[in-house]
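Analysis of the macromolecular model
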Number of protein chains: 2
Amino acid sequence: MTKWIYSFGKGTAEGSANMRKLLGGKGANLAEMAELGLPVPPGFTITTEVCTHFTQSNRAYPDGLDIELTEALAQIEGIMKKKFGDATNPLLVSVRSGARASMPGMMDTVLNLGLNDVTVQGLAKGSGDERFAYDSYRRFIQMFGSVVLGIDHHLFEDQLEDLKEDRGTCLDTDLSANDWKELVGTYLVMVEEELGKPFPQDPNEQLWAAVSAVLGSWMNNRAKTYRRLHGIPVEWGTAVNIQAMVFGNMGNDCATGVAFTRNPSTGDNQFYGEYLINAQGEDVVAGIRTPQSLTKAERLEQGTDLPSMEEVMPNLFREFVDVRKILENHYKDMQDMEFTIQQGQLWMLQTRNGKRTAKAAVKIACEMVDEGLITKTKAIMSVDPAQLDQLLHPTLDPNARRVIIGHGLPSSPGAAAGRIVFSADDAESWAERGEDVILVRTETSPEDIHGMHVARGILTTRGGMTSHAAVVARGMGTPCVSGAGDIRVNYEKRALIAFGQEYGEGELLTIDGSSGQVMLGEVATLQPELTGDFARLMEWVDEVRILGVRANAETPTDAETARKFGAEGIGLSRTEHMFFDPERIIHMRQMILANSEHARRTALENLLPYQRKDFIDLFTIMEGLPVTIRLLDPPLNEFLPHTVEEMREIAVSAEVDIETVKARKFELDESNPMLGHRGCRLGVTYPEIYEMQARAIFEAAAVLIKDGKVVVPEVMIPLIVDKVELDMLKHVIDEAGKAVEKEQGVQIDYLVGTMIELPRACLLAGSIAETAEFFSFGTNDLTQTTYGFSRDDATPFLEVYQEKNIMPIDPFLSIDADGVGELIRMGCDRGRAVRDDIKLGICGEHGGDPASVRFCHQLGLSYVSCSPYRVPIARLAAAQAAIDNLEESIENQ
Amino acid sequence: MTKWIYSFGKGTAEGSANMRKLLGGKGANLAEMAELGLPVPPGFTITTEVCTHFTQSNRAYPDGLDIELTEALAQIEGIMKKKFGDATNPLLVSVRSGARASMPGMMDTVLNLGLNDVTVQGLAKGSGDERFAYDSYRRFIQMFGSVVLGIDHHLFEDQLEDLKEDRGTCLDTDLSANDWKELVGTYLVMVEEELGKPFPQDPNEQLWAAVSAVLGSWMNNRAKTYRRLHGIPVEWGTAVNIQAMVFGNMGNDCATGVAFTRNPSTGDNQFYGEYLINAQGEDVVAGIRTPQSLTKAERLEQGTDLPSMEEVMPNLFREFVDVRKILENHYKDMQDMEFTIQQGQLWMLQTRNGKRTAKAAVKIACEMVDEGLITKTKAIMSVDPAQLDQLLHPTLDPNARRVIIGHGLPSSPGAAAGRIVFSADDAESWAERGEDVILVRTETSPEDIHGMHVARGILTTRGGMTSHAAVVARGMGTPCVSGAGDIRVNYEKRALIAFGQEYGEGELLTIDGSSGQVMLGEVATLQPELTGDFARLMEWVDEVRILGVRANAETPTDAETARKFGAEGIGLSRTEHMFFDPERIIHMRQMILANSEHARRTALENLLPYQRKDFIDLFTIMEGLPVTIRLLDPPLNEFLPHTVEEMREIAVSAEVDIETVKARKFELDESNPMLGHRGCRLGVTYPEIYEMQARAIFEAAAVLIKDGKVVVPEVMIPLIVDKVELDMLKHVIDEAGKAVEKEQGVQIDYLVGTMIELPRACLLAGSIAETAEFFSFGTNDLTQTTYGFSRDDATPFLEVYQEKNIMPIDPFLSIDADGVGELIRMGCDRGRAVRDDIKLGICGEHGGDPASVRFCHQLGLSYVSCSPYRVPIARLAAAQAAIDNLEESIENQ
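All of the points below concern the structure found in this document.

Conventions adopted
Residues numbered from 1 in each chain as written. Chains lettered and ligands numbered in written order. Predicted model: local features only at pLDDT ≥ 70, side-chain atom pairs only at ≥ 80, totals over all residues. Heavy atoms only, no water. Helix = DSSP H or I, 4+ residues; strand = E, 2+ residues; numbered from the N terminus. Buried < 20%, exposed > 50% of the residue type's maximum accessible area, 1.4 Å probe, protein only. Contact = heavy atoms within 4.5 Å. Areas by Shrake-Rupley, 256 points an atom, 1.4 Å probe, with all protein chains shown as cover. Buried area = accessible area lost by both parts, 1.4 Å probe. Salt bridge = Lys/Arg side-chain N within 4 Å of Asp/Glu carboxyl O. Polar contact = N/O pair within 3.5 Å; in protein donor to acceptor, adjacent residues only side chain to side chain. Nonpolar A, V, L, I, M, F, W, Y, C, P; charged D, E, K, R; others polar. Pairing = 2+ DSSP bridges. Expected span 1.5 Å × (residues − 1). Arc of directions from axis to C-beta. Axes fitted to C-alpha atoms, helices over the stretch in contact; angles between N-to-C directions. Least-squares fit on C-alpha atoms with pLDDT ≥ 70 in both. Patch = residues over 30% accessible without salt bridge, like charges linked within 9 Å, V, L, I, M, F, W, Y side chains within 5 Å. Lys, Arg positive; Asp, Glu negative; His and termini not counted. Charge placed at Lys NZ, Arg CZ, Asp CG, Glu CD.

**Some words on the overall build of chain A**
Along its length, chain A carries 35 helices and 34 strands. Dimensions along the principal axes, computed over C-alpha positions, put chain A at roughly 105 × 65 × 55 Å. In chain A, which comprises 893 residues, the share counted as buried stands at 59%. If you take every contact in chain A between residues at least 6 apart in sequence, the share linking residues at least 24 apart comes to 67%. In the structure as shown, chain A presents an accessible area of about 35,300 Å², 48% of it carried by carbon and sulfur atoms.

**A closer look at the interface of chain B and chain A**
A common way to express how large an interface is: the accessible area buried when the components associate. The interface of chain B with chain A comprises 48 residues on the first partner and 48 residues on the second. Each partner contributes to the roughly 4,300 Å² buried at the junction of chain B and chain A, and carbon and sulfur atoms together form 59% of this total. Sorting the residues of chain B by area buried against chain A places N672, L675 and R760 of chain B first, and these three jointly supply 14% of that buried surface. Here D816 of chain A and R760 of chain B are joined by a salt bridge, their closest N and O atoms 2.6 Å apart. Taken together, chain B and chain A are joined by 29 residue pairs in polar contact (both at pLDDT 80 or more). Mapped onto the side of chain B that touches chain A, the elements with two or more residues apiece are α25 (658-668), α26 (680-685), α28 (723-744), α29 (759-763), α31 (779-787), α32 (795-803) and α33 (820-834) of chain B. The class makeup of the residues in the side of chain B that touches chain A is 23 nonpolar, 11 polar and 14 charged.

**Describing the sheet that holds strand β2 (residues 12-13) of chain A**
Each strand in a sheet pairs with another by means of backbone hydrogen bonds, the pair being arranged parallel or else antiparallel. Residues and elements named next belong to chain A. The strand order across the open sheet built from six strands is β2-β1-β3-β8-β6-β7, with neighbouring strands paired in antiparallel fashion. With partners counted over all chains shown, the strands left at the sheet margins are β2 and β7 (109-113), one partner each. As defined by bridge partners, strand β1 (residues 5-9) adjoins β2 across two bridges and the pair is classed as antiparallel. Each residue of the ladder has a partner; that of G9, found in β2, is T12.

**Considering helix α13 (residues 314-331) of chain A**
Residues and elements named next belong to chain A. Here α13 contains 18 residues, and its C-alpha end-to-end distance of 25 Å stays within 8% of the 26 Å for a straight helix at 1.5 Å per residue. Within α13 the residues assigned to the buried category are L316, F317, F320, V323, R324, L327, E328 and Y331. On an axial view of α13, the arc spanned by its buried residues comes to 120°, and they lie on one face. Pointing more than 90 degrees away from the buried face of α13 are the exposed residues N315 and K325. K332 occupies a position one or two residues after α13 and carries a positive phi of about 50°.

**Here's the deal with the sheet that holds strand β16 (residues 409-412) of chain A**
Residue and element names in this part refer to chain A. If you walk across this open sheet you meet the eight strands as β15-β25-β24-β17-β18-β19-β20-β16, and the pairing is mixed. Bordering the open sheet on either side are β15 (404-407) and β16, each of which pairs with just one other strand. The mean inter-strand angle of the sheet, taken between neighbouring strand axes irrespective of direction, is 30°. Across four bridges, strand β24 (residues 508-512) lies against strand β25 (residues 517-520) in antiparallel orientation. Within the sheet, the bridge partner assigned to L509 lies in β25 and is L520. Here helix α19 (residues 468-476) sits on the sheet in contact with β16, β19 (457-460) and β20 (480-482), set at roughly 45° to β16.

**Observations regarding the relation of the copies chain B and chain A**
Between chain B and chain A, the superposition needs a rotation of 180° and an axial shift of 0.0 Å, giving an RMSD of 0.2 Å. In the structure described here, the two chain copies are related by an operation that fits a two-fold rotation axis. Identified as the residue of chain B closest to the rotation axis by C-alpha distance is N672 of chain B, at 2.1 Å. Both copies contact each other with a shared surface, as 100% of the interface residues of chain B are interface residues in chain A too.

**Section: a negative patch on the surface**
Residues and elements named next belong to chain A. A surface patch of like charges, here negative, comprises D152, E157, D158, D162, E165, E192, E193 and E194. Looking at the negative patch, the elements with two or more residues in it are α6 (153-167) and α7 (177-195). Residue contributions to the negative patch peak at four residues, all from α6. Among the secondary structure elements, D152 is positioned in the loop between α5 (130-147) and α6.

**Digging into the pattern of salt bridges**
Considering all chains together, one arrives at 112 salt bridges over all chains under this definition. Where R830 of chain B meets E822 of chain A, a salt bridge forms, and the shortest distance between an N and an O atom there is 2.6 Å. Taken together, the positions of R830 of chain B in helix α33 and E822 of chain A in helix α33 (residues 820-834) put the pair across two chains. We classify R830 of chain B as partly exposed; its relative accessible area is 25%. For R456 of chain B, the salt bridge goes to D436 of chain B, with nearest N and O atoms at 2.9 Å. With R456 of chain B in the loop between α18 (449-454) and β19 (457-460) and D436 of chain B in the loop between α17 (424-432) and β18 (437-441), this residue pair connects regions lying 20 residues apart in the sequence. Given the relative accessible area of 45%, R456 of chain B is considered partly exposed. Residue D436 of chain B is classed as partly exposed on the basis of its relative accessible area, which comes to 35%. Connected through shared salt-bridge partners, D135, R138, R139, E161, K164 and D172 of chain A make up one network.

Structure below.
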């Protein structure tokens, strides 16, 4: 016969911590603590299976539950030496939900259950505190009334307000025992009026009604939404915990508080917490009274006179220190605990693994390894990769004052302060004068690159997490807030307008790319530390990691950052970014305006030395590591200017008339440039462009080879949809390679491969792999085309989709495993079937997203490539994925 | 042992017409004619297997070929009573390629082979015509020299020109026997200089060299390109036909010509052809002399005095008439024949199925059925569906004079003449005055619809075959030439500029949407006939067809045309086209400019009556047939104007200030609208829009139902990528349905389904089918996203792709079976796995493309939906696919 109820208390328990699935998180941990001999108020847990039965059988209970519950309740009575519903010595209980995964605030709780017009008097007498007894009773009626009986909680609050007004006070503490008694009377009348029948006086009836309410709350709308957002299956169900009430508010020998086994902010191995004397749990959270420190050391550091628990209750404190040690040694993780002291007795109400900052997570992980408490594997698993980002960028000083004037998307993490400028050129000239600047634009385009490079931070009012500004900023590691919709830019006035207020060029602004906040003035920041514990942890990470991690980088700065952060090569070097430099773009524009292959070749010859120099730099920094270079990708129009004035300048410098510039601009203008004349389509139309780029790559390689250095160039062709176009372009590259080898008298080992970034390339990956020596999945474009979402335009409707819970996860941030992921898997399988040693990687923005990294590990890719600043995150995520897979395979043996 | 050579001649043959694979088309038909006892010059065919051997073995011949060839040659000698290489009575032969599929002009031919310095004298003596003999010899040296020996043919031509100049003439016919003799001498010296050795005099050496050259030509670049473009496998190889030469130029009892068993232009059952007395085959084609009619009747019709063959050679003509009958009865198809008469003897040189106009094809098919010559099935297979289009639109009178001033893409078939106008409004006002107009624009947008509706034809200077102008024009059946790049439009001047010449508003222009020609003035046109033979054929088509054919239509005119052309319902009714009417668009714009749901609802309420009226019309016209209505699809920005002036007007009519209009326009502006806020994303953001549309559909249905009529509405939601968004929107529609049913007291049977037009929808078709009751594959958008090609922008680079043979077939015209097709198949399979009776159709432009229709038939779709004017094409293509499948399945039994 199925067992529906598991009891705990007095040093023993029927359940344990590993029965989380059946008992929920709270119930399992309560059982575990009881079993460890810790002082847990006795109680029992109704299993999640009851919830499932209840949900599926139209709110009916399984047979036998009532008998088990009666027995379990009797057990509590025995331990507590009180009786449920007894007129003189009543046992009160709490009824709480507790699911397998934490769902804070989503489901219902009833406290002080068991009170009625009779037992309240017993409680008053037993505690010698009538005020306490009636206060508890009125709380119970309100809680039970709203949660179980479904009466609007405002009705209760209104009555309380009326009473306080009547007594001329606004504080609950000013009310007396008689006041509470009066309120209880009012409540009982009101409940009867609302329900048409009296408030239930029978404690058993109360208990069953509360259990039904908690079980029913699993299916309320809040809970459903939460589950959908967090991917929690409805089948899991919730457990119900029924536990003897203990009170921290029965006098000065009573207290309540929360504690952490180590400091959750710093990670220091010090007992840390807060408590209040003569108070209830909710008082600590509510902030009406200032909580006091747990330890003397902490009190001294805070510089306060409010005595610590260590000082006030030294014996209990020592007892609690023992509990701390027991729990941490037992759980082998930092614990977050709730406790209550009732008349000199310590009761443990909850324990769970504590949340912590990234800094604390790393420190705790390392120190626990040193203490022999956990293995390195456990240490790696204990740090959240997404959180790691906090450590890699400057952060706002949490103590600094902030004047927030707007919000946007946290597009590239880190905090930065500087003077407002509204154009890339201004950014450059202000920066040359030695000023820190924040570049503010409605949106950015490749023409703004030089300004973005010198800016401390970037703020745009349009565009999503994968807009040009966001992608480029992340690549550079420059803080960026994008799509700040409540801010407007007026270029004519050179003003930023927020909440009706104007801020001009040169005013100081701080942005936090980790939170999306935009602040007035200069807010102090803290610099990241990458040595010590962080370095140790990353070393362990690399020991278990299988998946390679490369970086997306094209400038020497980016490449150096990437190598510093542990990148094992470059997975995406975007050559077009190299053409926007003012002294180069003129040649690019001449090339675009040329009307013959000959004229194009002349312009390209002028670009060649620059491009060669770029590659020499990259190869030198990445010596010995592979460098994947993507040939020209964006539509040519991106290199032409927008204003007539600029067009005139270009006409002069390119020695054509302005009508030619205008006509060419018009000719190149596209309705949907994302799906237009770009990528390898440029190479097919103007093979001389790719020929020049290939030559620059090989000439650069030759320079290093002659110098005795190892170069590993991988030439990557973007936007391929068919083997035939790849064949044609590979031929162009190979011819350039042969020519350079002959001219320079060296042998160059290189690969030619392709981006796989369109659905058709995934479908035809088999035939494409006949020619391609490697694939790099471009998950940004692949997501755009698979969904039909333009990343530049999707923000407005994706926000609606998220609000309406239609698409809880933004597919541009985390790979959509069902759609895009299936195409990637198809591409891998088909590619491998034709070329079994094909090198497979990804180089979209997803390369730095932990869930996507896990997905790539599972697919058996060779590497992921991400922004330099996300390299450590990808390394950690890859290590965790490897450990998970290993553990799964061991479990499956 | 493999047989390498098949002989024919003198009433017998080793091969036959069904050995096309081994003997090539020409060789098989020569054998067949010989076997039928027709007068074929004796010869033999070297099989395609020899070609394969030759190609794979580095130009080596298979063992035994030489012995077979010697025997076969001896057989010709026996029949012709001449000897190959004989000094007095030499046999000359032709050496011709002949592949399984016709590859006109792609491979090499050598005539008059066997001539040398000795045999030429024998030929002169035997024919009694020295001029003829040396003329033949100089032709042979030139042909063999260039084709076999690889000498530039210009060198020969230059010598001939020099000689003629020397003789003071420019006509070959002015040259004498001695002149040709002299030229032969010059040629022989020149060849020896070029080659470093003399011209081969040994006829056997000549023969083997010519065979090698013909076999080698299978792998020349021209042939390779042709095969790639026409999907001919390299494995097929070519046969080589060696045949005794016969001469039509040996006197006035000689002649040569081509003939058709029926008139290939009109289809009339009359012998039809042209011939020339004392001439060679190439003279007929070259047009130096005017060819004469075959029959007297034809001569009289042409009103010429040049006598017909019937009159000049009555006996031979009668013999030829018998041949005509024999061949047509035998091949059961109209034949295209080549013949030569040498000194009073008729020789048949070739027969093959004749090419014909659409009109002729239909007429011949029907009459051959009546004559009992072919079955209805054969008749259906004999008409090319793509060609059928000629019959459905007005065509240019082939006899009318044309002044061509530009070329564009043949985007919507049919010819139209009218006065030039440059805006939709002008089109309307000129049309109201009773003028026929041609609307000329750089490109069109949905705002131009009212002008497009009244125009006789549409001409744009930008945009491809699937640009807005092209798609809408095809839907309306209005002739359209798009992307006429050599024409420019100057709106300010109201002028069209072509080749430096300006043409103003009001000038007469004719466009031919079938050829892409743009002509000055009014060129006479001919109207289509849809009755008689056409109607009979289409009846037979519908008897065998399995795949349903619907039309894409939204206006009553379109719907009526569709039904007239045999559509079995509407597969795509684009509701947005209904909002561009001037009296409606104001409400649409108010809706877009509204800043609250309430204001939007008010505007929508004003649109509801119009929309309901639209659906009543459609349901009435399509009574009893399904009507698929797609809810609003395009980005809202398409409904807002571009110019400040227009924005001002709108601000007034929508009662907002112009800044609001500008701001909203800016807000709605997208980088890639194709991938933007459109389709069901509008429905998710503003459910009230879809609610209004659903209500209009159901209210319209209720009107008809109350009238006792059958309505079959299918509500279609565009751009779905996920089940969750479809669930939400289906709920909106079903709620509207329930409400209308209750209000109107009727029961409405309707389906709710979705477009499958994005790769993700194909991949997730299984889960989507849990909610969708039908799928309609939107192959336009699916092609765009699968390839990453914007159809509005792809024309420039797709042209390059076609020039460079990278993508011979435009995937927007014919479904890409490898990529897009695999996604569609996946969508079908996954959809059916979840819902086995799911209705599957396609509604892209591909629905009217015969190859795509075949693909859809093979997938087992329920229907294709195409432009009304392509409905007959789709019906025929579907019938042919059904017949093919049946024949294949019989063959496989």
